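Results of the structural survey
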Amino acid sequence: MAPVVLAVLVLSPSAAFAQLPPASEPPAASLPTVVVTGSRSERDPAEVPAVIDVLDREALDPAGVQDIRDLVQTLPNVSVKRAPTRFGAAVGSTGRDGNAGFNIRGLEGNRVLLTVDGVRMPRELTSGVFGSAAFGRDHFELGHIARVEIQRGAGSALYGSDGLAGHVAMFTAEPRDLVKPGQTVLTRLSLQADTEDDGRRVGLMVAGAPNERHQYLASLHAGAAGALDNQGRNTSAGSARTAPNPQDDRSLGALLKWIATPGGGQKHSFTAEHVDKRSEVEAYSGRGAANGFLTTDLDGTTDMRRSRLGWDGRFHMDAPWADELRATLALQDAESRELALEQRSSLAGGPVTGRSRDVTYEERLLQTTLQGEKTLSSKAGGWSQRLVYGVDLVRSELDNLVTGTVPPVYERYPLKRFPKTTENTVGAFVQNEFQTERWTVVPALRYDHVSLDAEDDALYPKQPADLSASALSPKLGAIYRVSDRWALFGNVAAGFRAPSALQLNNSFDNPLGYYQSIPNPDLKPEKSRTLELGARGGHEDFQWEASAFSGRYRDFIEELVRVGGTGVPGDPIRYQAVNRGQVRLSGAEIKGRWQLAAATALRLALGRTQGKDTSTGRPLNSVNPAELHAALEQKLGAWTVGLGLTHVAAKKAKDVDFSATPAQFVPKATTTLDLKTSWQLSPATRLSAAVRNLTDRTYWQWTNVRGVAATSPVLDAYTAPGRSVSVALVTNF
């Protein structure tokens, strides 16, 4: 595949350059500015040979979208896991990672690239060696976000590592999003409330454009909430509890932007962002007897903080090699911490004693990009061409610390599960888009070199392993416009994901139990090859898009795999992260919008994915069941009313891997209804509301019950929320 893409990249520009118009002629017209994830340059979604969901304006209505879980609730083949926050050795520990991250077409975790304003977000960190500690990826303040783009399929050809399954790109608000022509300043106040988690939020955003050369924006959002509701009714203070544990969540987000346009085609954007989320849980479900002890009190605290400074400079070049040059620089510091405090006594009698475990995970990021763009045209062949090329440099420092009081008898605090690691990535990319009236062909090629350098550390007892790997990621996309009303599109792409520092140097020793986990210096990046074919079209009253996809993923990294040892003194059982899985995924998606009348619209979306680990012949449990979403929207003057239906099919037994949990619970098919409405009280003020699960249906979401047995006495603890109401008031002044 790479030689084919390289040939297209080399040959196509040579034809265009040979027929360049004189320098005095203007370049070909630019494509509409709508999305950037599919090409690293502004495009109309219809001109991107891939499926990209764009969420903005009403799709981000604060009454219906409180967090990233709500963000994707009506998107087929996209979901966010949110397991209940539970503690206790007798029933397991889940949900400490909150809204853990995105699942796209059956792949999740760090296999999905997440960015805000192009800056990579901290990665997920979960492993049995951290006990119940789990660090998710919800480092977002949606009050700052003005647009979200979700690209399905490999994005490594343009963005490098982690783009194996897809890319979720969020973009913070710009002053121009609020300040209209003729205005110099605008203030936006937003108030939200939600019964689903007893949430309350307030936001204040001020944007101004005092003159043509300067713009600014300041945003502050704060929130408080409790535990996410469910349909559990057991409120006892013990392991039999199915109602949510008492929980107190606090969040604070601040955003500052200054944009300067000094002239000469220059634009400089300076951004400072801080997000702080804190959660405290009174873990009633962790109280009770287990392993010879009686736990009388258990509390958990989670802190997630992220701070970012960034500069984005754009320069008009009008040079033979570039029309525009873009340079970016970002510094980011993120820290996640989980603290558990326990009071317990021996079942045989004795005083109550306390113990604690404090786990911290840190990521520090330096990211810089230099990118050029050139638009060309050819009179003779009728071709227009846009070349995008550049270099990405990313440096991440990753570290962890486990400490506390009264550690297990075989360990001493403080310690580290992996040594401090520096990850350096250098990537060079080029994409050449050229088109005629009927055709658009988009080849892209990227080369990445990734190195993980682990430091010797007194808190890490093993000899750390380093890693150095390279990846070549090609992509070839095409669009054929059959007529003015519809077009065919397709792409074949490669993706890869480098191993994490924890996977490379996972460390855990239990000399009393004769088992340990050890580093693996031979780990290789995960790789993918995907094919997507589709069609899109429509006219004024009807728009539609349909696609089918298939992908093969190899060298999947599986953690804590037994690789040797007999479990006797002198020969402990050894566990390691290894490249083992060979996964195949395929599926289809259909979505459309039909304007039934001037004030009435119908939206439909359907998605289904199937997956299998071909190395074992077992289905992939991270694949969600098929979903159908339908929404009917009616405008009544200043009112807008919408009724939404979601139908989730039941997973068939052949689509479930029962090897880890033989009695795995499989939810039945379910249908839920949602009601949304908004009232434009004045040109500057809007009141909106949403009623979720209108019929108060009791149901389970597959992504949240994976690994839960049908015989579990606390199965109701995993139910989705019942009927809930949310309201939001947004006013400008």
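Residues numbered from 1 in each chain as written. Predicted model: local features only at pLDDT ≥ 70, side-chain atom pairs only at ≥ 80, totals over all residues. Heavy atoms only, no water.

Observations regarding the overall build of the protein
- From N to C terminus, the protein includes 6 helices and 35 strands.
- Over its C-alpha atoms the protein spans a radius of gyration of 26 Å, differing by no more than 12% from the 27 Å that the globule rule assigns to 733 residues.
- Dimensions of the protein, computed from C-alpha atoms along their principal axes, come out at roughly 90 × 60 × 50 Å.
- The buried share of the protein, reckoned over its 733 residues, is 54%.
- Long-range pairs, those at least 24 residues apart, make up 68% of the contacts in the protein between residues at least 6 apart in sequence.
- Accessible surface, the protein as shown: approximately 31,100 Å² in total, 58% of it carbon and sulfur.
- The positive charge centre, built from 81 side chains, and the negative charge centre, built from 81, are 3 Å apart in the protein. (Helix = DSSP H or I, 4+ residues; strand = E, 2+ residues; numbered from the N terminus. Rg over C-alpha atoms; globule rule 2.2 N^0.38 Å. Buried < 20%, exposed > 50% of the residue type's maximum accessible area, 1.4 Å probe, protein only. Contact = heavy atoms within 4.5 Å. Areas by Shrake-Rupley, 256 points an atom, 1.4 Å probe, with all protein chains shown as cover. Lys, Arg positive; Asp, Glu negative; His and termini not counted. Charge placed at Lys NZ, Arg CZ, Asp CG, Glu CD.)

Thoughts on the side chain of R69
- By the secondary structure assignment, R69 is in helix α2 (residues 68-71).
- Side-chain polar atoms of R69 contact the side chain of E196, separated by 2.8 Å.
- Residues contacting R69, with those up to four places away along its chain left out, are V80, R82, N99, E196 and L228. (Polar contact = N/O pair within 3.5 Å; in protein donor to acceptor, adjacent residues only side chain to side chain.)

Examining the side chain of T703
- Relative to the helices and strands, T703 is located in helix α6 (residues 702-705).
- Residues in contact with T703, not counting those within four places in the same chain, are V80, K81 and N624.

What about the sheet that holds strand β8 (residues 145-152)?
- The 5 strands are arranged β1-β8-β9-β4-β5 in an open sheet whose pairing can be described as mixed. Every other strand in the sheet has two partners, leaving β1 (52-56) and β5 (119-120) as the edge strands with one partner each.
- Where β8 meets strand β9 (residues 166-172), 7 bridges bridge the pair, whose relative direction is antiparallel. Along β9, the bridge assignment pairs Q151 with H167. (Pairing = 2+ DSSP bridges.)

As for the confidence of the model for the protein
- In the predicted model, the protein carries a mean pLDDT of 90, and the fraction of residues at 70 or more is 94%.
- pLDDT under 50 marks residues 11-33. Its contacts with residues more than four places away, or in other chains, come to 35 contacts. (pLDDT = per-residue confidence, 0-100.)

A word on the pattern of salt bridges
- This structure, assessed with the given rule, holds 53 salt bridges.
- R123 is paired through a salt bridge with E423; the nearest N and O atoms lie 3.0 Å apart. Of this pair, R123 sits in the loop between β5 and β6 (125-126) while E423 sits in strand β20 (residues 421-435); the two residues are 300 residues apart in sequence, bridging distant segments of the chain. Exposure class is identical for R123 and E423. Each is buried.
- For E342, the salt bridge is made with R355, and the minimal N-O distance between the two is 2.6 Å. Taken as a pair, E342 in strand β17 (residues 322-346) and R355 in strand β18 (residues 353-377) lie far apart in primary sequence, 13 residues in all.
- Judged by its relative accessible area of 12%, E342 falls in the buried class.
- By relative accessible area, R355 is classed as partly exposed at 30%.
- Residues joined by salt bridges that share partners form a network here, namely D53, R105, R152, E532, R536, E545, E589 and K591. (Salt bridge = Lys/Arg side-chain N within 4 Å of Asp/Glu carboxyl O.)

Thoughts on the environment of L60
- Structurally, L60 is set in the loop between β1 and α2.
- Given the relative accessible area of 17%, L60 is considered buried.
- Beyond its immediate chain neighbours, meaning those up to four positions away, L60 contacts L55, V65, L71, I145, A146, R147 and V148.

Some remarks on a nonpolar patch on the surface
- A cluster of nonpolar residues, W383, W439, Y480, W486 and L488, forms a patch on the protein surface that exposes about 460 Å² of accessible area.
- Positionally, W486 belongs in strand β23 (residues 486-497). (Patch = residues over 30% accessible without salt bridge, like charges linked within 9 Å, V, L, I, M, F, W, Y side chains within 5 Å.)

What about unusual backbone geometry?
- For the bond running from Y413 to P414, omega is -5°, close enough to zero to count as cis.
- Following the sequence through the fold, P414 ends up in the loop between β19 (384-405) and β20.
- In the Ramachandran plot, R105 falls in the positive-phi region, its phi being about 55° despite a non-glycine side chain.
- You can see R105 is positioned in the loop between β3 (102-104) and β4 (112-116).
- With a phi close to 55°, D198 is a non-glycine residue in the positive phi region.

A few points about the packing of aromatic side chains
- Taken as a whole and assessed by the stated rule, the structure comprises 11 aromatic pairs.
- For the ring pair W639 and W679, a centre distance of 5.0 Å and an interplane angle of 10° mean the geometry is stacked. Of the two residues, W639 sits in strand β32 (residues 639-648) while W679 sits in strand β33 (residues 670-682), which places them 40 residues apart along the sequence.
- Given the relative accessible area of 37%, W639 is considered partly exposed. (Phe/Tyr/Trp six-rings, centres within 6.5 Å; stacked < 30°, edge-to-face > 60°.)

Considering the nonpolar core
- By size, the foremost hydrophobic cluster in this structure holds 31 residues, and its most contacted members are L71, F102, V148, V168 and M170.
- Discounting residues that sit within four places of it in the chain, L71 has contacts with L55, L60, V65, F102, V148 and M170.
- Grouped together as the second largest cluster of nonpolar side chains are 15 residues, F135, V402, Y413 and F508 included. (Core = buried A, V, L, I, M, F, W, Y, C linked by side-chain atoms within 4.5 Å.)

Structural notes on the environment of I259
- Considering the arrangement of structural elements, one finds I259 in strand β13 (residues 247-263).
- With 84 residues separating them in the primary sequence, I259 and P175 have C-alpha atoms 8.4 Å apart.

Brief notes about the pairing of strand β11 (residues 199-211)
- Of the pairings in the sheet, the one linking strand β10 (residues 185-194) to β11 comprises 10 bridges and is antiparallel in character. Residue pairing across strands places L186 opposite A207, the latter belonging to β11.
- From the end of β10 to the start of β11, which pair antiparallel, there are 4 residues, and D198 there has a positive phi angle of about 55°.
- Alignment of β11 against strand β12 (residues 214-225), held across 10 bridges, turns out to be antiparallel. Following the sheet pairing, A207 is matched in β12 by L217.

As for the environment of D67
- Positionally, D67 belongs in the loop between β1 and α2.
- Assessed through its relative accessible area of 13%, D67 is described here as buried.
- For the pair formed by D67 and L142, sequence separation is 75 residues and the distance between their alpha carbons is 6.7 Å.
- Apart from the residues lying within four places of it in its own chain, the contact partners of D67 are R82, N99 and L142.
- From its side chain, D67 meets the backbone nitrogen of R69 in a polar contact 3.1 Å long.

A closer look at the pairing of β4
- Burial runs high along β4: 5 of the 5 residues are buried.
- Side-chain alternation along β4 places V112, L114 and V116 on one buried face and L113 and T115 on a second face that is also buried.
- As judged from the 5 bridges shared by β4 and β9, these two strands associate in the parallel manner. In the strand pairing of β9, V112 is matched with G166.
- Pairing of β4 with β5 involves 2 bridges; the strand directions are antiparallel.

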